[in-house]
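# Structure assessment
Residue-level listing of the chains:
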Amino acid sequence: MDPLVTAIIETFRASFGTEPALLVRSPGRINLIGEHTDYNMGFVLPAAIDREMFFAISPRTDNVCRTIAYNLNRQETFATDQLEKTEEKWTYYLKGVIDQIQKLGYEFHGFDLVFGGNIPVGAGVSSSAALEAGLAFAINELYQLGIPKMALVQLCQRAENQFVGLNCGIMDMFASLMGDTDAVIRLDCRSLEYEYFPFTQDQHVLVLCDTGVKHSLGTSEYNTRRAECERGVAILQAHKPSIQSLRDVSIEFLQEHQAEFDPVTYKRCKYIVEEINRVVEACKDLQKDDLEAFGTKMYQTHEGLQHEYEVSCEELDFLVDQARLNPAVLGARMMGGGFGGCTINLIEKGAADAFIETMTKAYKESLNLDLVTHKVVIKKGTSRLESSNERV
Ligand code: GAF
C-alpha cells in the first residue's frame, strides 16, 4: 500500500480509536485541450491522473464531523447544521459538499475523516475538485444515498460556485469523478454527453512542467474572463436571440459583427469560438491516431491563451517556447485557469527524461527558478480503495 495511505489510516486510528469504515481515492486531472471552454458550454478533453487525494472515513450516529487534513496537519470539528466559514479554508470544500447534498434533500449523519494526498496544490491539476469529489463520493457510499455520479459532479460544481466562491465550470469535478484508465474524455459541457477516447502512453507520454508560481490575478481574472464572454454573447444575441453562449457562435458570425465589439472583448470571444472548434478537430486527430496534428493544436491553444485570452504568464510562455525547441515534443501549452501552474507536454516516449533535464536546466538558468516535473499516468476516476493490495 502507498505509504501515504498507510499514514492516513494510522492517523485515523490514533485520532478516533477505530478503523475507518471506508477508504476512497479521488484523482486530480489534466486537460489535453479545451481551456476556458467549459463555462462557455463548449467541449473539453480532460482525464483523471495518478496524483490523488485519499480519504479514511467512518459514519457517526450524530451530526458531528471531525475532520483532519493530514498534509496540512490541521483539524476542525463542526456540525452538519452549522456550516460556517472559519479560518480553516480547506474546510470550505467539505462544507460546500455537505451543504449541497443537504440541499438535494438527502439525509445523512456526520463522519470522522482523515484525508491527504499527493496532488500538487496550486499547480492547476485540481486538488480542490478532487477533495470535493472524494467527499461527495464517500458520503454517498457511507450512507448509501444512491446519488447518480453525474449528480455528484454537478453538486461538487455548485459547492465550489456557491460555498467556496469560485465561479468555475464543470470540467474539473467531471474529470475527477468520471475519469477512466488510459482514456481522455470529450465532454460536451452543455448537454453533459461524453465519450471516452483511448489514450495509451505506449509511444508518447505526458509530462507536466510546474512553474511553481501562482500569480494572484488568478481568481479575479477568471471571473473577469467569464464576464467578457457574457458581454460578447449579449452583443451577438441582439442579432440572433437563439444564441445562449459562445458555443452557439461561428467564427464567421463573430467576424461579421466585429465592429460592434471593443477590441478586448472581441479577442476573448475569438479565442473561445476557435478553441471550441479546435477540441472537436483534435478529437478527430485522436481517432486517426495523428498525434502530430493533435500536438500542433495544443500549441495553437497556447498562442490563443497567451495573446488573445491573456491568461498566461512569463513563466508559462517560457516553458512552452523551450518545449518548441525540442523536436521530440509534439505539443505543449499552459493548462488550467492560468496565471501560473503547469504546462502539459506531449512527448515521444524515449525522450521524456532528456526533455525534463533540459527544461529544468533552462528554467534555472533563465529565470532562476526550480522546475518541478510530473510524468502523469491516466487513471480511473474517484473510487473505493477496496483492499490493502490495490496499487494506489
Ligand atoms: C479552472 C476551472 F475550475 C475550470 O472549470 C476551467 O474553466 C479551467 O480553469 C479552464 O479551462 O480549472
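Residues numbered from 1 in each chain as written. Predicted model: local features only at pLDDT ≥ 70, side-chain atom pairs only at ≥ 80, totals over all residues.

## Looking at the overall build of the protein
Helix and strand counts for the protein come out as 11 helices and 13 strands. With the principal axes as the frame, the protein shows a C-alpha extent of 65 × 50 × 40 Å. Expressed as a percentage of the 392 residues in the protein, the buried residues total 47%. Taking as baseline every contact in the protein between residues at least 6 positions apart, the subset at least 24 positions apart corresponds to 73%. (Helix = DSSP H or I, 4+ residues; strand = E, 2+ residues; numbered from the N terminus. Buried ≥ 20, exposed ≤ 12 C-beta atoms within 10 Å, placed from the backbone. Contact = placed C-beta atoms within 7 Å.)

## Some words on the domain arrangement of the protein
Under the domain assignment, the protein is made up of domain 1 (3-200 + 379-384) and domain 2 (204-376). Counting residues at the interface gives 28 residues for domain 1 and 33 residues for domain 2. Put simply, the parts of the chain that give the side of domain 1 that touches domain 2 at least two residues each are strand 1 (22-31), strand 2 (43-44) and strand 3 (46-59). Among the elements that make up the side of domain 1 that touches domain 2, the one with the highest residue count is strand 3 (3 residues). Looking at the side of domain 1 that touches domain 2 residue by residue, the class counts come to 14 nonpolar, 9 polar and 5 charged. (Domains from an automatic or database assignment. Nonpolar A, V, L, I, M, F, W, Y, C, P; charged D, E, K, R; others polar.)

## Some remarks on the site of the ligand
Residues in contact with the ligand, as listed here, are E35, H36, D38, Y39, C168, G169, M171, D172, G336 and G337. A breakdown of the residues in the shell around the ligand according to their chemical character gives 3 nonpolar, 4 polar and 3 charged. (Near = placed C-beta within 6 Å.)

## Things to note about the pairing of strand 6 (residues 111-117)
Here strand 6 lies mainly inside the structure; 7 of its 7 residues are buried. Here strand 6 shows two buried faces, one formed by F111, L113, F115 and G117 and the other by D112, V114 and G116. Pairing of strand 3 with strand 6 involves 7 bridges; the strand directions are antiparallel. Across the sheet, the residue bridging to F54 is G116, located in strand 6. Pairing of strand 4 (residues 64-69) with strand 6, which is carried by 5 bridges, proceeds in the parallel orientation. Counted as the bridge partner of A69 is F115 from strand 6. (Pairing = 2+ DSSP bridges.)

## With respect to the sheet that holds strand 11 (residues 340-348)
Spatially, 10-11-9-12 is the arrangement adopted by the 4 strands of the open sheet, whose pairing is antiparallel. The sheet is open, and its two borders are formed by strand 10 (329-334) and strand 12 (372-376), each paired with just one other strand. Each strand of the sheet is rotated relative to its neighbour by a mean of 20 degrees, with strand direction disregarded. On top of the sheet, helix 9 (residues 291-308) reaches strand 9 (204-214), strand 10 and strand 11; it is set at about 25 degrees to strand 10, its chief contact. Sitting on the sheet, helix 10 (residues 314-324) is in contact with strand 9, strand 10 and strand 11, with an inclination near 175 degrees to strand 10. (Axes fitted to C-alpha atoms, helices over the stretch in contact; angles between N-to-C directions.)

## So, the environment of I344
Structurally, I344 is set in strand 11. Between the C-alpha atoms of I344 and T18, which are 326 residues apart in sequence, the distance is 42 Å.

## Side note on the environment of V320
Structurally, the position occupied by V320 is in helix 10. For V320, a count of 24 C-beta atoms within 10 Å corresponds to the buried category. Linking V320 and R186, residues 134 residues apart in sequence, is a C-alpha distance of 24 Å.

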